[in-house]
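Overview (structure and organization)
Letter by letter, the chains look like this.
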Amino acid sequence: MTLLIWQDDMDTGIDIIDGQHRRIVEMINHLHVTQKSMERFAVGDVIDELVDYTLSHFAFEEELMEEAGYPFSAAHKRVHEVFTKRVSEYRLRFEAGEDIVDELRSMLSRWLFNHIRNDDKAYADSVKRHLNQFVRDHQQDGWLTRTVKRLFG
């Protein structure tokens with residue numbers, strides 16, 4: 001399996017989410033490179049880092065969807081939970097001594113690319129509208145504006 005290459009059709013238009021997705025792709029590639037070193041301990045560290053980062057990303061993404069009032073956020077969260085369980089099973093197999101890296105990388109890359117292109121793109125417009133409204137609300141009546149009005153009328 002070759003290294004993954006980010007494709008522009010995976011951009012959601014939400015910079016912070018796209019950055020996190022790109023980071024996950026880099027970590028999957030790092031797993032491939034580390035696997036070539038044949039150092040099982042290093043591979044385990046990369047798997048742990050990848051899982052931990054992905055869980056943090058999911059929590060962040062789920063919070064954004066909920067804040068934006070995305071109507072399918074519960075279903076999206078359930079997709080994340082099923083994926084997390086699946087990856088945990090790979091992690092357990094690895095810890096038991098099984099060589100799962102190729103299988104894990106293949107599953108991660110297929111799942112991630114499909115998930116971004118379908119599930120994540122589905123919430124992108126709702127979240128972008130919410131973020132844009134948040135920025136507008138806080139630009140018009142931000143701390144500095146309120147303070148200047150209060151002090152100088």
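1. Digging into the layout of surface pockets
Taken as a whole, the largest pocket encloses approximately 160 Å³ of empty space. Around the largest pocket, the lining residues are Gln35, Met38, Glu39, Arg40, Val43, Phe94, Asp99 and Val101. Residue classes in the lining of the largest pocket are distributed as four nonpolar, one polar and three charged.

2. Observations concerning the nonpolar core
Among the nonpolar cores identified, the biggest contains 27 residues, and Ile47, Leu104, Met107, Leu108 and Leu112 are the most heavily contacted of them. Of all the secondary structure elements, the ones that give two or more residues to this core are helix H1 (15-36), helix H2 (40-68), helix H3 (73-95) and helix H4 (101-140). Per element, the largest residue contribution to this core is eight residues, and it comes from H4. With nine residues, the next largest nonpolar core counts Ala68, Tyr70, Ala124 and Val127 among its residues.

3. A few points about the confidence of the model for the protein chain
The predicted coordinates of low-pLDDT regions are not to be read in fine detail. For the protein chain, per-residue confidence averages 87 on the pLDDT scale, and 88% of positions sit at 70 or higher. Confidence, read as mean pLDDT per element, is least for helix H5 (residues 143-152) in the protein chain (63) and greatest for H3 (93).

Procedures and definitions
- Residues numbered from 1 in each chain as written.
- Predicted model: local features only at pLDDT ≥ 70, side-chain atom pairs only at ≥ 80, totals over all residues.
- Heavy atoms only, no water.
- 1 Å grid on protein atoms, 1.4 Å probe; cavity = no way out; pocket = protein on both sides within 12 Å on 5 of 7 lines; lining within 4 Å.
- Points joined across faces, edges and corners; volume = space filled by probe spheres on them.
- Nonpolar A, V, L, I, M, F, W, Y, C, P; charged D, E, K, R; others polar.
- Core = buried A, V, L, I, M, F, W, Y, C linked by side-chain atoms within 4.5 Å.
- Buried < 20%, exposed > 50% of the residue type's maximum accessible area, 1.4 Å probe, protein only.
- Helix = DSSP H or I, 4+ residues; strand = E, 2+ residues; numbered from the N terminus.
- pLDDT = per-residue confidence, 0-100.

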